[in-house]
Amino acid sequence: ERALVQLISLRPNDTDARLHLIEILTGASRYADAAAHLRWLVKSDPKNPAYAVNLAVCLSLSGTKQEKEEALDILGTACAQEPPFLHAFLTRAKLLETKGSNRLAFTSLHRVRETFWGDPDFLLTYMSIGHVSNNEAEAHEAFVQLEKLRNEGVVGPEKMRAVSLD
């Protein structure tokens, strides 16, 4: 970590060094420190939604209510970018769900349903949030689509396994 910090101080535009340091910091649950470097990356490349989404994740994990609200704002901006970035929508919906805003979380996914309907990660999240927001019919449609993709070989068995609660 020290070597990366030193390298970044000598070469502040070294994106790879920052990314490696961010990985170390998040691995150590030092989300606020990682967020500082992610802010730099977002400023240096504002069109890269992955940087913005990772910044939002770090802010939401830092813990304060203000940081979680900032994370939602960042994700809102990332969701507005073209082309649509799946991870921004999934992260925003999951963060809204953790805040207890289940209906809003579902609505935010439902708006982009057609865009991501063939993506297993979208379907799993849509199905899960559909259930907690009492949108059972839509959640079931996602399950059927996921099963269709599994039967077509698009989705591997690791995405959807039968679980017995016995």
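If you're wondering where the values come from, they're calculated on a predicted model, not measured in any experiment.

Visitor: When you look at the overall build of the protein in this model, what are you seeing that I'm missing?
Guide: Secondary structure assignment for the protein yields 10 helices and 0 strands. Counting from the amino terminus, the protein carries its helices and strands in the arrangement α-α-α-α-α-α-α-α-α-α. The principal-axis extent of the C-alpha atoms belonging to the protein is close to 55 × 40 × 35 Å. The buried share of the protein, reckoned over its 166 residues, is 38%. Within the protein, residue pairs in contact and separated by at least 24 positions form 41% of the contacts whose partners lie at least 6 positions apart. When the accessible area of the protein is evaluated, it comes to approximately 9,800 Å², of which 53% is carbon and sulfur surface. Positive and negative side-chain charges in the protein, numbering 19 and 22 respectively, have mean positions lying 5 Å apart.

Visitor: How should I be thinking about the packing of helix α6 (residues 86–98) against helix α9 (residues 120–132) in this particular structure?
Guide: When two helices pack together, their arrangement is given by the angle between their axes and by how far apart the axes lie. At a closest axis distance of 11 Å, the pairing of α6 and α9 adopts a crossing angle of 20 degrees. With respect to each other, α6 and α9 are oriented roughly parallel. For the crossing formed where α6 meets α9, the hand is left-handed. Between α6 and α9, the contacting residues are Leu86, Leu90, Ala93, Lys94 and Glu97 on the first element and Asp121, Phe122, Thr125, Ile129 and Val132 on the second. Across the contact of α6 with α9, the residue classes break down as 6 nonpolar, 1 polar and 3 charged.

Visitor: Any chance you could explain the environment of Ala80 here in plain terms?
Guide: By secondary structure assignment, the location of Ala80 is in helix α5 (residues 65–80). You can call Ala80 exposed: its relative accessible area is 60%. It is 26 Å that separates the C-alpha atoms of Ala80 and Gln145, two residues lying 65 residues apart in sequence.

The rules we used
- Residues numbered from 1 in each chain as written.
- Predicted model: local features only at pLDDT ≥ 70, side-chain atom pairs only at ≥ 80, totals over all residues.
- Heavy atoms only, no water.
- Helix = DSSP H or I, 4+ residues; strand = E, 2+ residues; numbered from the N terminus.
- Buried < 20%, exposed > 50% of the residue type's maximum accessible area, 1.4 Å probe, protein only.
- Contact = heavy atoms within 4.5 Å.
- Areas by Shrake-Rupley, 256 points an atom, 1.4 Å probe, with all protein chains shown as cover.
- Lys, Arg positive; Asp, Glu negative; His and termini not counted.
- Charge placed at Lys NZ, Arg CZ, Asp CG, Glu CD.
- Axes fitted to C-alpha atoms, helices over the stretch in contact; angles between N-to-C directions.
- Parallel < 35°, antiparallel > 145°, perpendicular 65-115°, else oblique.
- Left-handed = near helix turned anticlockwise from the far one by under 90°.
- Nonpolar A, V, L, I, M, F, W, Y, C, P; charged D, E, K, R; others polar.

Without other data, these values stay purely geometric and don't point to any function.
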